Amino acid sequence: MLEYERQLQESGARYIAGIDEAGRGPLAGPVVVAGVIMPLGENDIIEGVNDSKKLSAKKRDALYDLIVAKALDVQVAIIDNETIDRDNILNATKSGMLQCINGFKNVDRVLIDAVRLDAKVPTLSIIHGDALSYSIAAASIVAKVTRDRIMQEYHDKYPQYNFAKHKGYGTAEHIRLLKEHGPCPIHRRTFIGHFVQV
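The model shown is predicted, which means the values in this text are computed figures rather than measured ones. (Residues numbered from 1 in each chain as written. Predicted model: local features only at pLDDT ≥ 70, side-chain atom pairs only at ≥ 80, totals over all residues. Heavy atoms only, no water.)

Let us look at the packing of aromatic side chains. What the rule picks out here adds up to two aromatic pairs. A centroid spacing of 6.4 Å and a plane angle of 25° characterise the contact between Tyr 154 and Tyr 158, whose relative ring orientation is stacked. Among the residues examined, Tyr 154 registers a relative accessible area of 24% and is labelled partly exposed. With relative accessibility at 13%, the residue Tyr 158 sits in the buried group. Taking the centre distance of 5.4 Å and the plane angle of 20° together, the rings of Tyr 161 and Phe 163 count as stacked. (Phe/Tyr/Trp six-rings, centres within 6.5 Å; stacked < 30°, edge-to-face > 60°. Buried < 20%, exposed > 50% of the residue type's maximum accessible area, 1.4 Å probe, protein only.)

All right, on to the nonpolar core then. Counting 29 residues, the largest nonpolar core has Met 38, Val 49, Ile 67 and Ile 141 as its most contacted members. Taken together, the elements giving at least two residues each to this core come down to strand S1 (16–22), strand S2 (31–37), helix H2 (57–70) and helix H6 (134–157). Each residue touching Met 38, except ones within four places of it in the same chain, is listed here: Ile 16, Ile 46, Ile 67, Lys 70, Ala 71, Leu 72, Tyr 134 and Ala 138. (Core = buried A, V, L, I, M, F, W, Y, C linked by side-chain atoms within 4.5 Å. Helix = DSSP H or I, 4+ residues; strand = E, 2+ residues; numbered from the N terminus. Contact = heavy atoms within 4.5 Å.)

Moving on: the layout of surface pockets. Each pocket or cavity is described by its volume, and for the largest pocket that value is around 260 Å³. Every residue lining the largest pocket is counted, 17 residues in all, and those nearest its centre are Glu 21, Ala 22, Gly 23, Lys 53 and Tyr 169. Elements with a contribution of two residues or more to the lining of the largest pocket: S1 and H6. When its residues are assigned to classes, the lining of the largest pocket shows three nonpolar, three polar and 11 charged. (1 Å grid on protein atoms, 1.4 Å probe; cavity = no way out; pocket = protein on both sides within 12 Å on 5 of 7 lines; lining within 4 Å. Points joined across faces, edges and corners; volume = space filled by probe spheres on them. Nonpolar A, V, L, I, M, F, W, Y, C, P; charged D, E, K, R; others polar.)

So, on to the pattern of salt bridges. Tallied over the full model, the rule gives eight salt bridges. One salt bridge in this structure joins Lys 53 and Asp 130, with 2.9 Å as the shortest N-O distance. Of the two residues, Lys 53 is situated in the loop between S2 and H2 and Asp 130 in helix H5 (residues 129–132); the sequence distance between them amounts to 77 residues. Given a relative accessible area of 65%, Lys 53 falls into the exposed group. Judged by its relative accessible area of 5%, Asp 130 falls in the buried class. In this structure, the salt-bridge partner of Arg 86 is Asp 87, at a minimum N-O distance of 2.8 Å. Residue classification places Arg 86 among the exposed positions, given a relative accessible area of 61%. Asp 87 gets classed as partly exposed once you look at its relative accessible area, which sits at 27%. In the salt-bridge network here, residues are joined through shared partners; they are Asp 51, Lys 53 and Asp 130. (Salt bridge = Lys/Arg side-chain N within 4 Å of Asp/Glu carboxyl O.)

Shown next as structure tokens:
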């Protein structure tokens, strides 16, 4: 998972960031973008870092703590549902990615999962990057854990939707509860029109 990072190091890059998001597809809640710059020495690599979707919640939480403790820099952007509705999900995601890049103190190159982006530093979009790049995988874990914790808070606020279980994704249960209760303030109006009147 270090092939891309090693190639960039060989070309002279010192500060290599990975960026990924969580929550592009859900019907409710924010999209969370995370950017991390990890130390890449042989003894610095954290065992078990992988695409967050391939890890259990318990494993993600444990790796999140290790990543945040070890990272040279961590940036997180939270883009709310109202911004998503106004700008569309791709533009909202790109905005979060630029926020992360602009927040880094030092960055030479940026590896991004599947999104092409014009930024102040050279970027490389990698399809399935969260499964192919250590840095992107680390970012995917930070983004996923951050978003899951946000959705747990929303569950406490709006328990009738059971956000703790489905995290706002369009599961059969969520759609049923959405039809039963109608939308709440964190539902994405541009996403739920197929299911309820907004």
